[in-house]
Amino acid sequence: MNPRARLSPAALVAVTIGAAIMLAPLLWTILLSLKANSELMRDTASAFSGPYTLENYRAILVGSSVTHWLLNSLIVSLGTTAGVLILCSLAGYGFARLDFPFRRSLFVFVLLGLAIPEQAVILPRHQLFAWLHLHNSYPGLILPGLVAPFGVFFMTQYFRAIPVELDEAAMLDGASRFTLFWKVLLPLTRPAQATLGVFTFLGSWNDYWWPLISATRSARFTLTVGLASAQMNYAQTSGLGFLMAQAVFASLPILIVYIIFQKQIVAAMAGAAVR
Amino acid sequence: MTGGRRDRLAGFAFVGPFLALYAFLLIYPLFMGIGLSFHRADLFGARRFVGFENYARAFADPIAWQALWNTFKLTVLIVLPLTAITLALALALNRATRGAAIFRGIFFASSVLSVTIVTLIWRFILTPDAGLVAKIVTTLGGTPPPFLSDPNLTIPALAITTIWWSVGFPMMLFLAGLQQIPADMYEAAALDNAGPWTRLFKITLPSLRRTLILVIMLQTAAQLQLFGQAQLLTAGGPSGASRPVVLLIFEVAFGRWELGYAAALAELLFLLVLSVTFIQYWAVGRAAKEER
Amino acid sequence: MKRLRGLVAGLVLAALAGGCGTGPKKTEITLQRFFGECGAVYGHSIDVGAAEGECGIVTTLINRFQAENPDIQVDVNVVAWPGYPQLTAQIAAGDPPDLVTMHQSVISDYQGRGLLEPMDGVLGEAGIGPEAITPAGLRGVTKAGHLYGMAWDTIGGLFHVNTRLFAQAGLIKDGKPILPTSADELLVQARQFKTRTGKPYLVQSEVSDAASFVRNFYGYVMAQGGVLFADRRHSRFATPEGARVVQLFRTIEQEKLTTLNQDTPAAIASFMNGEGGIYPTGTWMIGAFDQEAKTTGRPLSGAYAVFPYPHLWGRDAAFVDGHAWVMPKRVRTAAERAAVVRFLKFMAAHNFDWTRTGHLPAFRAVYASPEFRALPHRSDIAPLAAIGVQLPGYVQRQSAIQGLLGEELTSAVTGTKPVERALRDGERRVDELLDQIP
């Protein structure tokens, strides 16, 4: 298996068909978004031919909440990502490098969290957040995402792989624990940060159930919840083009980021497997 | 590892913030949930201890069994094809050519879309009147299959949608796994005049075993908890034929207001996920042992 | 635990208070509604008369209220129909909106648990007495002797008819479509329709639309004098009356006298494209279909009529419901309460505009008004108000019941379950739910 070898014709055909299956739904969506709603109402096949119009996109800029939901999703996803990176790096370093009572048991305690699925805690958590008046707030949307046992596990493994000699050399130079962590070790974990960051961001961006029951006011709707609320039955008949334009518009930012940083994201994703 | 009193305090300072949140937002609600499951609890307060009544109800509830069976079917119909497809893709695209890079980009692109958008797109692929499939089938003179209303087709429809959405990540895991295989193993095989299939079965697949188990493990755990696609694409219908357990939990809690019963169903699903996870950890451990 | 809770809540509140600037003093009320999101078309339009459809009219009405009351800030929350899981989550979170659109059939769920404010006082301040409201509306919002909502309309199922196809099928007499007078006659006419036009007699949304099956079932069981709920804990679906209704729709399905496998959007499109004779759906589609009928060059141009469900058994009866504005229980300042009063007063005054959707008015004065009578088709559907019946007031959890029963009816009609078993399963599941009500 030579990595530089060309694909066999049969494999190339198969992969091309697969790619077509991946792309066709996206192209169909874009075509629908470029058609007048009234034409689509009569027959969606009209999307295969012109005339095409940007009217639906103009309508988004005039009076759709999509931009607002996008902003909320961005705040929540970035907030969650930053929080996870900070908390998991700190904890990962602590578990990997420091000696303190119950270190092993506490680590095992965290690992147990890997097996706790969201639906086992989501109903009581909804009640808990009600008592704390945290619903319909950014903290309410961000906090649950910060509990990432996998992130702690992942960072701990990464810190463990860094030679201890580095620590000792730095300590001899009189660096404090925190300086050592902040100045010497943390920069070395950048690839791991990227992997965990991409993971967390996508997870948070796509989260649906928690925002569905916590962000119940449109001012705090995230993209997933907002678009779900806009998919009314009748909207699918009379405003299909507009609905699709919203979907395209909402996907664009993250698709563009993905295309620009594809190499880094792919490398970051791959990092998860090599632990 | 250096010790000392300062280190002890420092240790807690580093792990403390995470542990506090972890205990408060995961462990505490977990026990709250277990407690709730033993109560006849209404969403709006009224609460009475009933022991195992909710669990007994779940075992006698045909709807719960139907949801469990649906979840099982969905998991199998998603995890197996997804694993096979993504493994094949990784094998095909593990090359340094520009074309392979573009293909990798295409196959990963759907992963960045959110569930609401994925289901909206697929509704207008699958729906028998306005969907893309219908338009193509009708042009060819056929009758479009009623993907979203035939009880035999809704689960496959959810599976197809989910596979389309999820190919990116497992493919990346396999690609990463492939890059870990030392090139000299293949060189040795080439000296032995081993054919491509022999190399695949004797070198590539055995070396990928851990990645394979990891992919299956992550996907199984994820698909056992499938929710958004079912809620948005089929609403669990027709007549519950595509309703997975998590959607049932959501409906019982926020539609029927029976918080205690919903909590009991959630705990049962938790046990299921837990046992699957442990079986798979055990499998990973065994695989690792054999590798040595 | 309690102290911790208080502490954290205090901190969060402090943070929130610090975060909010001190802007001009506007009274803020949150209003939650379904009917869809159409800001893209109606944006900030206040031209109510030019708006079409539920979404357009309600959007422009709220915009107009906002424009006329600059001292009030109305935050509108649009939820996916019917929005009850979200409302439930909001109430459970202790943060419900100030005003919510609610089906009258659902009021008793929330009222029964003490989650709604009685609105006699508020309505009185808005100058809306019970005598102003139609009997159907009044029945819908009166629970335990109090008004728990401001009735806004009466809605129900109707037969929307494509008269061009009916003519083609030979089912027109004196310029009016011939509708059946019994179940057997319905089948005969449906078969004739299908032979002559090559198209199905009915257009139905059967996918993800529990409401439509349930509407047919409730209406025709009640027409036969059947009892659907014996008391607040017991349903009765597996009755000869029930089986007869389901069997009729099963036969229609078996003989393919209806469109198959359509969800609501598909069914609407089908009817507008002239692909079937009758679309049994609600009052809410009159506006949109009439618009199609008035536009030239459309399949429905000049070929649309609408009637109450035909009398097939026993007496005239139709299951009706209505929308209402309700106030979830929460702490409100005097200013907020005053804002709510002004909003209700405004909405009551514009009840006519809302009836352009096709819904029947909730206010007697609108019925009597010449402008309402001048709306198309209203004399044809007027009987609906008289023959409309609702479920007994003691039936709680009607929205959840509709979901459970709808699933079983779908199974029976599409043939995945025998009729008898589906009805018994429906009974069992609904009784289980009713048994859980505290």
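Quick summary incoming for the structure in this document. Bear in mind that the values here come from a model prediction, so they are computed numbers and not experimental data.

Turning our eyes to something else, we now look at the overall build of chain C. When its secondary structure is counted, chain C shows 21 helices and 17 strands. Taken over the C-alpha trace, chain C has a radius of gyration of 23 Å; the compact-globule value for 438 residues is 22 Å, and the two agree within 12%. Along the first, second and third principal axes, the C-alpha atoms of chain C reach 70 × 50 × 40 Å. Expressed as a percentage of its 438 residues, the buried residues of chain C come to 61%. Accessible surface for chain C amounts to roughly 16,300 Å². Of this, 55% is attributable to carbon and sulfur atoms. Distance between charge centres in chain C, computed from 43 positive and 43 negative side chains, equals 2 Å.

For an α-helix, the turn length of 3.6 residues means that residues three or four places apart are oriented alike. If you check helix α8 (residues 168-179) of chain B, its first and last C-alpha atoms are 17 Å apart, about what twelve residues at 1.5 Å a residue would give, namely 16 Å. In terms of burial, α8(B) is largely enclosed, as eleven of its twelve residues are buried.

All told, the structure shown has 59 aromatic pairs over all chains when counted by the stated rule. On the numbers, 6.2 Å between centres and 45 degrees between planes, the contact of A:Phe95 with A:Phe100 is tilted. Ring-pair connections join several aromatic residues into one group, and the members of that group are C:Phe34, C:Phe35, C:Phe65, C:Trp152, C:Trp325, C:Phe343, C:Phe346 and C:Trp354.

Looking now at the interface of chain A and chain B. Facing the 101 residues of chain A at the interface are 90 residues of chain B. Along the contact surface separating chain A from chain B lie one salt bridge. The interface formed by chain A and chain B contains 13 residue pairs in polar contact (both at pLDDT 80 or more). For the side of chain A that touches chain B, the leading source of residues is helix α1 (residues 9-33) of chain A, giving 14 residues. Each residue belonging to the side of chain A that touches chain B can be placed in one class, and the counts come to 75 nonpolar, 16 polar and ten charged.

Before going further, it helps to examine the state of the cysteines. Note on terminology: a disulfide is the covalent bond linking the sulfur atoms of two cysteines. Residues and elements named next belong to chain C. In this structure the tally under the stated criterion is one disulfide over all chains. Across a sulfur-sulfur distance of 2.2 Å, Cys-38 and Cys-55 are joined as a disulfide pair. Handedness here is read from the sign of the S-S torsion; for Cys-38 and Cys-55, about -110 degrees, the answer is left-handed. Of this pair, Cys-38 sits in the loop between β1 (27-33) and α2 (39-42) while Cys-55 sits in helix α3 (residues 53-68), and the two are 17 residues apart along the sequence.

On to the packing of α8(B) against helix α11 (residues 209-224) of chain B. Residue and element names in this part refer to chain B. Two numbers describe how α8 lies on α11: the axes approach to 10 Å, and their chain directions differ by 165 degrees. In terms of their interaxial angle, α8 and α11 are classed as roughly antiparallel. When the axes of α8 and α11 are compared, the crossing they make is right-handed. Where α8 approaches α11, its residues Phe-169, Pro-170, Leu-173, Phe-174 and Gly-177 are matched on the opposing element by Thr-211, Leu-212, Leu-214, Val-215, Leu-218 and Gln-219.

Right, let's get into the side chain of C:Arg378. Residue and element names in this part refer to chain C. If you trace the backbone, Arg-378 turns up in helix α18 (residues 378-381). In this structure, Arg-378 is buried with no salt-bridge partner, the nearest side chain bearing the opposite charge being Asp-290 at 6.2 Å. There is a polar contact of 2.7 Å between the side chain of Arg-378 and the backbone oxygen of Pro-376. Apart from residues lying up to four places away in sequence, Arg-378 is in contact with Ile-286, Thr-355, Arg-356, Thr-357, Gly-358 and Phe-372.

This part covers the environment of B:Leu80. In this structure, B:Leu80 sits in helix α3 (residues 62-93). Separated by 101 residues in the primary sequence, B:Leu80 and B:Ile181 place their C-alpha atoms 24 Å from one another.

On to the interface of chain C and chain A. By a widespread convention, an interface's size corresponds to the accessible area lost as its parts come together. Chain C puts 36 residues into the contact, and the matching count from chain A is 27 residues. For the chain C and chain A pair, buried surface summed over both sides reaches about 2,800 Å², with 60% attributable to carbon and sulfur atoms. Where chain C meets chain A, there are one salt bridge. Across the pair C:Asp95 and A:Arg217 runs a salt bridge whose closest N-O atoms are separated by 3.2 Å. For the pair chain C and chain A, the number of links is seven residue pairs in polar contact (both at pLDDT 80 or more). Taken together, the elements giving at least two residues each to the side of chain C that touches chain A come down to α1 (2-19), β1, α2, β2 (72-78), α4 (84-92), α12 (264-272) and α13 (286-294) of chain C. It is α12(C) that contributes the most residues to the side of chain C that touches chain A, five residues altogether. Here the side of chain C that touches chain A is composed, by residue class, of 21 nonpolar, nine polar and six charged.

A few words now on the sheet that holds strand β6 (residues 150-151) of chain C. Residue and element names in this part refer to chain C. Taken in spatial order, the five strands make up an open sheet running β2-β1-β3-β15-β6, and their pairing is mixed. Looking along the sheet, the strands with just one partner apiece sit at the ends: β2 and β6. As paired elements, β6 and strand β15 (residues 323-326) share two bridges and run antiparallel to each other. Residue pairing in the sheet places Ala-151 in a bridge with Ala-324 of β15. Of the strands in this sheet, β1, β2 and β3 (99-103) touch α4, which is tilted by about 135 degrees from β3.

Glancing now at the pattern of salt bridges. Scanning the entire structure with this criterion turns up 35 salt bridges over all chains. Here C:Asp109 makes a salt bridge to C:Arg397, at a shortest N to O gap of 2.8 Å. You can see C:Asp109 sitting in helix α5 (residues 104-112) and its partner C:Arg397 sitting in the loop between β17 (388-389) and α20 (398-414), a full 288 residues away along the chain. Ionic contacts of the salt-bridge type, sharing partners, join the residues B:Arg243, B:Glu251, C:Glu407, C:Glu408, C:Lys417, C:Arg421, C:Asp425 and C:Arg429 into one network.

Rules behind the numbers
Residues numbered from 1 in each chain as written. Chains lettered and ligands numbered in written order. Predicted model: local features only at pLDDT ≥ 70, side-chain atom pairs only at ≥ 80, totals over all residues. Heavy atoms only, no water. Helix = DSSP H or I, 4+ residues; strand = E, 2+ residues; numbered from the N terminus. Rg over C-alpha atoms; globule rule 2.2 N^0.38 Å. Buried < 20%, exposed > 50% of the residue type's maximum accessible area, 1.4 Å probe, protein only. Areas by Shrake-Rupley, 256 points an atom, 1.4 Å probe, with all protein chains shown as cover. Lys, Arg positive; Asp, Glu negative; His and termini not counted. Charge placed at Lys NZ, Arg CZ, Asp CG, Glu CD. Expected span 1.5 Å × (residues − 1). Phe/Tyr/Trp six-rings, centres within 6.5 Å; stacked < 30°, edge-to-face > 60°. Contact = heavy atoms within 4.5 Å. Salt bridge = Lys/Arg side-chain N within 4 Å of Asp/Glu carboxyl O. Polar contact = N/O pair within 3.5 Å; in protein donor to acceptor, adjacent residues only side chain to side chain. Nonpolar A, V, L, I, M, F, W, Y, C, P; charged D, E, K, R; others polar. Disulfide = S-S within 2.5 Å. Axes fitted to C-alpha atoms, helices over the stretch in contact; angles between N-to-C directions. Parallel < 35°, antiparallel > 145°, perpendicular 65-115°, else oblique. Left-handed = near helix turned anticlockwise from the far one by under 90°. Buried area = accessible area lost by both parts, 1.4 Å probe. Pairing = 2+ DSSP bridges.

All we've got here are geometric facts, nothing functional implied.
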